[in-house]
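The lines below spell out each chain.
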Amino acid sequence: MPWCEPCGRFYNPNTLRSDGTCANNHPVADAKGASTKVPWHFWMLLIALGIYLGWRVIQGVVWLAG
Ligand SMILES: [Zn+2]
């Protein structure tokens, strides 16, 4: 829910303008498109999971070979 600090109220994303400003022309932090952006820590978690799974595969291969 986009929050406008100067207005002191929440706005429905549909009532905001396309550039992410409220009815009183304030730039609202949670503008359109901002909520759909994937946060950076999501990718870090995904990379960490990939490294972990890769490591487990290597461990499995070593265990089978040994
Ligand atoms: Zn406002």
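Quantities reported herein were computed from a predicted structural model and do not represent experimental measurements.

### Structural notes on a nonpolar patch on the surface
For step 1, the next point in the chain: Judged by side-chain polarity, Val38, Phe42, Trp43, Leu46, Ile47 and Ile51 come together as a nonpolar surface patch covering roughly 590 Å² of accessible area.
For step 2, the next point in the chain: Within the secondary structure layout, Ile47 lies in helix 1 (residues 40–65).

### As for the UniProt feature "transmembrane region" (unreviewed entry) in the protein
For step 1, the next point in the chain: Those residues carrying the UniProt feature "transmembrane region" (unreviewed entry) are residues 42–65 in this numbering.
For step 2, the next point in the chain: A distance of 35 Å separates the end C-alpha atoms of residues 42–65, which is 100% helix and 0% strand.

### A word on the coordination of the zinc ion
For step 1, the next point in the chain: Coordination of the zinc ion by the protein involves Cys4 (SG), Cys7 (SG), Cys22 (SG) and His26 (ND1), with metal-donor separations of 2.0 to 2.3 Å.
For step 2, the next point in the chain: If you look at the zinc ion, its 4 donor atoms make angles of 101 to 117° with each other, and the shape they trace is tetrahedral.
For step 3, the next point in the chain: Sequence spacing of the donor residues for the zinc ion, all on one chain, is C-x2-C-x14-C-x3-H. A residue pair is termed long-range when its members are at least 10 positions apart, and Cys4 in strand 1 (residues 3–4) and His26 in the loop between strand 2 (9–10) and helix 1 qualify at 22 residues.

Here is what the cut-offs are and how they apply
Residues numbered from 1 in each chain as written. Predicted model: local features only at pLDDT ≥ 70, side-chain atom pairs only at ≥ 80, totals over all residues. Heavy atoms only, no water. Patch = residues over 30% accessible without salt bridge, like charges linked within 9 Å, V, L, I, M, F, W, Y side chains within 5 Å. Areas by Shrake-Rupley, 256 points an atom, 1.4 Å probe, with all protein chains shown as cover. Salt bridge = Lys/Arg side-chain N within 4 Å of Asp/Glu carboxyl O. Helix = DSSP H or I, 4+ residues; strand = E, 2+ residues; numbered from the N terminus. UniProt positions renumbered as here; feature names shortened; annotations may be inferred. Donors = N, O, S within 2.8 Å, 3.2 Å for Na, K, Ca; no water. Tetrahedral: all angles 85-135°; square planar, octahedral: opposite > 155°, others 65-115°.

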